[in-house]
Amino acid sequence: DLHCIKHIAFILKDIDNATDRVKEAVLQLCTNVASNCWPCHGTIIRNGILKHVMALVRSISIPDDVKRAAVNLTYALTFTPEGRSELMDLDAVVVLVPVIKVNKPTLNSMGATLAAANLIGHRERAQMLSGCDVPQRVMMALDHALNRQPFGGQYNSLWKVAMALSQLAKSDVNKDIIIENGAVAVLTRLLQLPPERRSALLVEFTCTAIWHLGFDGRGKAQLCGQTLLVEALKDIAVDESLAAASQLARGALWQLAVIPRPPFFDTFVHIYFSHVPECQQRVEELSKQVESNGYVVWNGASSGNMDDEFTQGVCRCAVLCVCLTENYNLEAKARSELQYAFECNKPILLLQVDNEGRETCWLEPYVRNKKIMDFADPFQDKLSIPSLLLAFGKQGKKEKVVAPKESVPLPEPAQPAEEEVG
C-alpha cells in the first residue's frame, strides 16, 4: 500500500498533464486504499495527496466523473481523526459545500454531505453548513439504507451513514432536528437488524448516537419509551463479543437512567480525573504527581465496565477534576461524568490540559464564573501542582493507618519452690 500511495502522489503532483481517465482511475485507486486500510490515512496525508484532491474538488473545469472521484477520496479520509484533522486544516468543508448544495448524484453530493457531517456535524454553530439540511439528509439516507433503497443516486452503507449521525448527535442544536426526523424509530430498527446486517461499527455508532441523544430531555423520554430499543441495549451491554459497543451500550443505559443510581455514600475516597482518551498520557503524569503527595487517584473500575465508572468512580470521589481539552465537550462519557458529579454536588475543579480552543456549548453552566487552572505546559507542573494540592485540601488524602503497638510479653510466673523432704 505504501508503494502504491507513493506512485499515486507522484502522479497527482503532475495531475494537470494527465488525462481525465487517468485522474479518475488514480483517485479511485487511492479511495480503495483509504476505505479499506485506515492506518494508511497517515501515509496518504504525509505524501501531500490531499492538497491536490482539494484542488480537483474546487475546480469548475473538470468532468463530473473526476470530481466525483475526488469527493469519494475526501469522504473516505473522514473516517479517521487524522484524516479529519488534515481536511479541516485545508478548509475541506468550504470546498464541499458547493457540491452539497448543487445536489447532483453524478458529483456524489450525498458523499460530500456525509463527509461534512463527519467533519463539523458536532459543532453547535456550523454556519458553513447553513442551508445544506445536513441532519435531514443524513436521516433520509439512513432510512433508505435500512430499506435497501438508493438515496442521492447511490446505495449507502449503514455503518457509514450511522457514523455521520453519531457526529451530528453530539450537537445540541442538531438533537431536536434529528429527533423530529424520526431518529428514535430508526435507531431501534438498527439495533434489531439480523447479525449479517449488523456490523460491529454499526452497533458502536448507533449506541454512540443514542447516548448523545439521551442528554436531550425529549430525546431521553422517547428513547426510554421504546422498550425494544432498551432491551436491545441490555443485550449488547452483556455481549462480550462486542467489546467497544458493549461499553457504549452501558453508557447509554446509564444516561437513560435504566441503570439505577447508587445510594449516596458518606465516605469519599479518591480524586477522579474526568478526561478524554487524547489526553490520557497527560492525565497519567498528573495522577502520579498527585499520588506521590499522598492522595488516592481513581484508576478505573476493576470490572472494566462503563457504568461502574459512574457508580463507583464518580459517586465515591472526593473531588472531580475536569481535564478540559479541545474535544472534551464531544465525549458522551465526559458529559455524563460531569453531569452526575454536578447532581451529587461534588467539588469540581477545572484543569486546562492543552492550548487548543474549545466550544463551551453544554459546558457553559459548569464553567461559568469558575477559575480554570492551567496545566497545559508539563514544564510548569512544579509551580502548578502545589495550587492543585491546596485546592484538594484533605479531600482524597490517604488515611494514615496507625501501626499497632507491639505487645510486650508478660513475664512467666515464678515456679513455686519445691519443699525439702526431711
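The coordinates are above.
Everything numeric in this text was worked out from a predicted model, so none of it was measured.

Digging into the overall build of the protein chain
When its secondary structure is counted, the protein chain shows 21 helices and four strands. Taken over the C-alpha trace, the protein chain has a radius of gyration of 28 Å; the compact-globule value for 422 residues is 22 Å, which it surpasses by more than 25%. With the principal axes as the frame, the protein chain shows a C-alpha extent of 135 × 55 × 50 Å. Within the protein chain, the proportion of its 422 residues that are buried is 51%.

Notes on the packing of aromatic side chains
Evaluation of the coordinates by the stated rule reveals eleven aromatic pairs. One aromatic cluster is present, formed by Trp38, Tyr75, Phe79, Trp159 and Phe205 through successive ring pairs. Taking the ring centre of tryptophan 254 as reference, the NZ or CZ of arginine 261 above it sits at 4.0 Å. Its end group placed over the ring of phenylalanine 215, arginine 335 keeps NZ or CZ at 4.5 Å from the ring centre.

Comments concerning the nonpolar core
Within the largest apolar cluster, 138 residues are counted, with the highest numbers of intra-cluster contacts made by Leu233, Phe273 and Phe392. Leave out the neighbours within four places in its chain, and phenylalanine 392 touches Ile271, Val290, Tyr295, Val319, Cys321 and Leu349.

Quick look at the packing of helix α7 (residues 92-102) against helix α8 (residues 109-120)
Taken N-terminus to C-terminus, the directions of α7 and α8 make an angle of 145 degrees; their axes are 8 Å apart at the nearest point. Classified by chirality, the crossing of α8 by α7 is left-handed. Along the contact surface, α7 presents Ala92, Val93, Leu96, Val99, Ile100 and Val102, while α8 presents Ser109, Ala112, Thr113, Ala115, Ala116, Leu119 and Ile120.

So, the sheet that holds strand β2 (residues 317-324)
If you trace the four strands from one edge of the open sheet to the other, you get β1-β2-β3-β4, paired in parallel fashion. Edge positions in the sheet fall to β1 (270-274) and β4 (372-374), since each of these pairs with one other strand and no more. Each neighbouring strand pair of the sheet contributes to a mean axis angle of 30 degrees, computed without reference to strand direction. One ladder, built from five bridges, connects β2 with strand β3 (residues 348-352); its direction is parallel. Along β3, the bridge assignment pairs cysteine 321 with leucine 349. Most of the contacts of helix α18 (residues 306-314) go to β1, to which it runs at about 140 degrees, and overall it touches β1 and β2. Each of β1, β2, β3 and β4 touches helix α21 (residues 381-392); the most contacted strand, β3, lies at about 170 degrees to it.

Quick look at unusual backbone geometry
For aspartate 133, which is not glycine, the phi dihedral falls at a positive 55 degrees. With relative accessibility at 45%, the residue aspartate 133 sits in the partly exposed group. In this structure, alanine 257 takes a positive phi of about 65 degrees despite not being glycine. Within the secondary structure, alanine 257 is located in the loop between α16 (243-255) and β1. Relative accessible area serves as the criterion here: at 45%, alanine 257 is assigned to the partly exposed category.

Concerning a negative patch on the surface
The grouping of Glu278, Glu326, Glu331 and Glu356 at the surface amounts to a negative patch. Mapped onto the elements of the fold, glutamate 326 is located in the loop between β2 and α19 (332-343).

Some remarks on helix α13 (residues 200-213)
Between its terminal C-alpha atoms α13 stretches 20 Å, which fits the 20 Å expected from 14 residues at 1.5 Å a residue. With eleven of its 14 residues buried, α13 lies for the most part within the structure. Three or more residues of α13 are buried, namely Leu202, Val203, Phe205, Thr206, Cys207, Thr208, Ala209, Ile210, Trp211, His212 and Leu213.

So, the environment of aspartate 89
Tracing the chain through its elements places aspartate 89 in helix α6 (residues 81-89). Residues aspartate 89 and alanine 341, 252 residues apart in the sequence, show an inter-C-alpha distance of 35 Å.

Some points on the pattern of salt bridges
Counting across every chain of the model gives 15 salt bridges. A salt bridge links arginine 218 to glutamate 180; the nearest nitrogen and oxygen atoms lie 3.6 Å apart. Separated by 38 residues along the polypeptide, arginine 218 in helix α14 (residues 217-225) and glutamate 180 in helix α11 (residues 172-180) bring together distant segments of the chain. Judged by its relative accessible area of 58%, glutamate 180 is exposed.

Parameters and conventions
- Residues numbered from 1 in each chain as written.
- Predicted model: local features only at pLDDT ≥ 70, side-chain atom pairs only at ≥ 80, totals over all residues.
- Heavy atoms only, no water.
- Helix = DSSP H or I, 4+ residues; strand = E, 2+ residues; numbered from the N terminus.
- Rg over C-alpha atoms; globule rule 2.2 N^0.38 Å.
- Buried < 20%, exposed > 50% of the residue type's maximum accessible area, 1.4 Å probe, protein only.
- Phe/Tyr/Trp six-rings, centres within 6.5 Å; stacked < 30°, edge-to-face > 60°.
- Lys NZ or Arg CZ within 6 Å of the ring centre and 35° of its normal.
- Core = buried A, V, L, I, M, F, W, Y, C linked by side-chain atoms within 4.5 Å.
- Contact = heavy atoms within 4.5 Å.
- Axes fitted to C-alpha atoms, helices over the stretch in contact; angles between N-to-C directions.
- Left-handed = near helix turned anticlockwise from the far one by under 90°.
- Pairing = 2+ DSSP bridges.
- Patch = residues over 30% accessible without salt bridge, like charges linked within 9 Å, V, L, I, M, F, W, Y side chains within 5 Å.
- Areas by Shrake-Rupley, 256 points an atom, 1.4 Å probe, with all protein chains shown as cover.
- Salt bridge = Lys/Arg side-chain N within 4 Å of Asp/Glu carboxyl O.
- Lys, Arg positive; Asp, Glu negative; His and termini not counted.
- Charge placed at Lys NZ, Arg CZ, Asp CG, Glu CD.
- Expected span 1.5 Å × (residues − 1).

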